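Next come the chains, spelled out residue by residue.
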Amino acid sequence: MTVSDVEKRVVLLREKIEHHNHCYYVLDAPEISDAEYDELFRELVALEDEHPHLDDPNSPSKRVGGEPAEGFTPYEHALRMYSLDNAMNLDEWFAFTDRVSRGLNREDAEYWTDPKMDGLAVEVIYEKGMFVRAATRGDGLVGEDVTHNMRTVMNLPLKLRGSNIPNLLEVRGEVVMSNSDFAALNERQRNAGDKVFANPRNASAGSIRQLDPKVAAARPLRFMGYGIGRVEWAMPMFAWSSQKEIMDGLKELGFSIPPEAKLCKTRQEVADYFEELMVRRESLSFEIDGVVAKLNNLDQQKALGFTSRAPRWALALKFPAHQTKTKLKDIRIQVGRTGVLTPVAELEPVPLAGVVVSNATLHNKGYIEERDFRIGDTVLIQRAGDVIPQVLSVDIDARPDTAEVYEFPLVCPVCKSDAREDGEAVRCTNEVCPAKTVQRIIHFVSKAGLDMEGVGKKWVERLAIDEVLVSPVDLFTLEKTALLKYEGMGDKSAAKFIAAVAKAKEEAPLWRLIAALGIRHVGEQTARTLANNFEDLEAIGKETREALQELDDIGPIVADSLWDYFQSDTTKEMLERFKAVGFWPTGGENGSEQSKDSPLAGKVFIFTGTLPIKRNEAHAIVEEHGGSAVKSISKKVDYVVAGEKAGSKVAKAEKLGLEIIDFEGFQELLQKAE
Ligand code: IVH
């Protein structure tokens, strides 16, 4: 390819990828498979790698997140981002519309209504159709620059679509996370021993306020546009004259807008819409806490103007909160897989949003102390979406004289070993605490681990209590006769149990085993990276912290956690036992037994420059032969396959003293393999 061919190809790939992002994330109607999408993406990344002068901050490849920011820069909004006044019931809504009627001197008016999304308010700015900046609402006048993180929000257009592109456009909206994405995120966080979020709003806000955009990129955030700030049209005669036109316009320019939004012809229609959504609230895919009604006609909006804090032409009709009060009877401690002692409130059972709640989380020791919860107190609890109910605050006026301050235990309630404060958490210090063991083995067999269908959680618990299972390795030596001794364990279930273990032993790839170990901060993604770069568990254990950090996705915290894990004698002993029972997956994700003899087996390749075959084809060939292919250069790489016009990577490879071969050399290796 000539230089201009490359440039054209890069532009085309960027357009294609953004088109498919729009289909997938905005229209919810993908046109191609994930594999086809990945292929386009990889091709773009490879071309951009080789031709750094084509760099563009708005390339879809930048959505994975660039360098961390040093801090947040304040950003002054050109037009103030106002707040909204609230109505707590329909009487207040009708009172508001009376004021509007008086102000406009007319009977009734049309209102644009959309759900009040529960997330974080952000303004995104486009110049000549290109995304240039994003800032949080802040206090309405000054927010924080979060451009680096908003670029990773997949449904946010980096380039506006259509033919009528304004010279300048400021779009306001809410950054949110869907309930299902939120539940999956928390599951991943829990499995990796990371922080679990209380609700989608906290997860969205926490993700946008991260210095490292790679963190935001890994979070399933969405931007829902609901209004505009400044707009300057390229076509002088053009303007939006109603809220409906704005929303239709935003859709055409490529934005997602809140689901269920609609134009109501009368104030009664707004009231009906409010009641309808209140009923359907639980079944919507996003958390909403009310509806927002805005006068549709922009001239009418202008005529009414603003108070010091909110528009006179819009109102939030709030749903009653999913909160209630009840008595805190006691606090009990649960011990998790990583040994964290989590306090759980035992409550006087109360109905809340359709279920009876008798337990709620108190998060951690500091949470109880800061909010001064005492046993016997009346507390406010909340349940939102799929989330575990939580205790929010105490009703001090209702505190009885008998209320008791809770002493957070500094011993593990299960094994009685010392528990130590570690950041926000209190952890059991006993490596072999039975509570940890149970949770660890449950994780080991779960979907996030070896995915042993047929090995039930209940059974793991029983077997661990009886010390039949003390370590995950014991699963592999368990005999059917031992299982059959249990009441309720029939011949069929026992056979299924044993078969599931045998299947995992035969088939599980290295990354699954790594993920199954439950090492702190090591989820599926990191496990895959490790499996692609190391021969087996022992090889990972031999690395220094510094060497681990050279890998993609592995920063100092994860490297430390890995290092600590593999240093421990318990781990070393367990690895020996895995080997002894014959469960020892190797050679990365695709390293299968029969390819062990291939000269490519266990070897790490990197491809650079223009090659006669597509990059992903080359990767597939390597993987078929039991090797692995990586994108960034490091000492781990065995072969650098350099095509034509190979750039900076070859220089780096030479520095590191790596073996550099051309495509013919690669073909020779393949011939030896066949
Ligand atoms: S309109 C001048 N529409 O609610 C009107 N706001 O309480 C400005 N919000 O800061 C807001 N969903 O973060 C509007 N459909 C929606 C909304 C919405 C959520 C948030 C927004 C704002 C806050 C005001």
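This text goes with the structure placed above it.
Note that the structure is a prediction, hence the values are computed from the model and not measured.

Account for the packing of aromatic side chains, with residues named and values stated.
Within this structure, the stated rule accounts for 26 aromatic pairs. With centroids separated by 5.7 Å and ring planes inclined at 20 degrees, the aromatic side chains of tryptophan 93 and phenylalanine 96 adopt a geometry described as stacked. You can see tryptophan 93 and its partner phenylalanine 96 sitting in helix H3 (residues 90–104), 3 residues apart, about one turn around the helix. There is no split in this pair, since tryptophan 93 and phenylalanine 96 are both buried. Judged by centre distance (5.7 Å) and plane angle (70 degrees), the rings of phenylalanine 605 and phenylalanine 666 are edge-to-face. Of this pair, phenylalanine 605 sits in strand S21 (residues 604–608) while phenylalanine 666 sits in helix H24 (residues 663–673), and the two are 61 residues apart along the sequence. Residues phenylalanine 605 and phenylalanine 666 agree in their burial class; the two are buried. By the ring-pair criterion, three or more aromatic residues cluster together here, those being Phe605, Phe607, Tyr639, Phe663 and Phe666. The positively charged end of arginine 528 is found above the aromatic ring belonging to tryptophan 511, 3.9 Å away from the centroid.

So what's going on with the nonpolar core? Which residues, and what values?
Among the nonpolar cores identified, the biggest contains 55 residues, and Phe444, Met452, Leu475, Phe476, Phe497, Leu537 and Phe578 are the most heavily contacted of them. For this core, the secondary structure elements donating two or more residues are helix H12 (434–445), helix H13 (457–465), helix H15 (491–507), helix H16 (510–516), helix H17 (524–533), helix H18 (537–541), helix H20 (556–567) and helix H21 (569–580). Tallying contributions element by element places H16 first for this core, with 6 residues. Counting 33 residues, the second-largest nonpolar core is a separate cluster that includes Phe131, Met150, Phe182 and Ala203.

Run through the environment of alanine 464, naming residues and quoting values.
As for its placement among the helices and strands, alanine 464 is situated in helix H13. The spatial distance from the C-alpha of alanine 464 to the C-alpha of asparagine 149 is 44 Å, given a sequence separation of 315 residues.

For the sheet that holds strand S3 (residues 111–117), give the residues involved together with the corresponding values.
Pairing is mixed across the open sheet formed by 5 strands, whose spatial order is S2-S11-S10-S3-S9. With one partner strand each, in any of the chains shown, strand S2 (86–87) and strand S9 (262–264) form the two edges of the open sheet. Contacts from H3 reach S2, S3, strand S10 (288–295) and strand S11 (314–318) within the one sheet, and its direction differs from that of S11 by about 170 degrees.

Would you mind going over the site of the ligand in detail, with residue names and values included?
Neighbouring residues of the ligand: 14 residues in total, closest Asp114, Met117, Glu174, Tyr226 and Lys294. For the ligand, a nitrogen atom lies 3.0 Å from a polar atom in the backbone of proline 115. The side chain of glutamate 174 places a nitrogen or oxygen atom 2.5 Å from an oxygen atom of the ligand. In the complex, the protein chains occlude 87% of the 520 Å² of accessible area that the ligand would expose alone.

If you had to explain the state of the cysteines to someone new, which residues and values would you point to?
The full count for this structure, using the stated rule, is 0 disulfides. Cysteine 415 takes part in no disulfide bond, and the closest cysteine sulfur to it belongs to cysteine 428, at a distance of 3.6 Å.

Break down the packing of helix H1 (residues 3–26) against helix H2 (residues 34–50) for me, with residues and values.
Axis separation between H1 and H2 bottoms out at 10 Å; the angle between their running directions is 145 degrees. Crossing hand, H1 versus H2: left-handed. Facing H1, whose interface residues are Val6, Arg9, Val10, Leu13, Arg14, Lys16, Ile17, His20, Asn21 and Tyr24, H2 presents Asp34, Tyr37, Leu40, Phe41, Glu43, Leu44, Leu47 and Glu48.

Cut-offs used in this document
- Residues numbered from 1 in each chain as written.
- Predicted model: local features only at pLDDT ≥ 70, side-chain atom pairs only at ≥ 80, totals over all residues.
- Heavy atoms only, no water.
- Phe/Tyr/Trp six-rings, centres within 6.5 Å; stacked < 30°, edge-to-face > 60°.
- Helix = DSSP H or I, 4+ residues; strand = E, 2+ residues; numbered from the N terminus.
- Buried < 20%, exposed > 50% of the residue type's maximum accessible area, 1.4 Å probe, protein only.
- Lys NZ or Arg CZ within 6 Å of the ring centre and 35° of its normal.
- Core = buried A, V, L, I, M, F, W, Y, C linked by side-chain atoms within 4.5 Å.
- Pairing = 2+ DSSP bridges.
- Contact = heavy atoms within 4.5 Å.
- Axes fitted to C-alpha atoms, helices over the stretch in contact; angles between N-to-C directions.
- Near = heavy atom within 4 Å.
- Polar contact = N/O pair within 3.5 Å; in protein donor to acceptor, adjacent residues only side chain to side chain.
- Areas by Shrake-Rupley, 256 points an atom, 1.4 Å probe, with all protein chains shown as cover.
- Disulfide = S-S within 2.5 Å.
- Left-handed = near helix turned anticlockwise from the far one by under 90°.

That is the geometry; function is a separate question.
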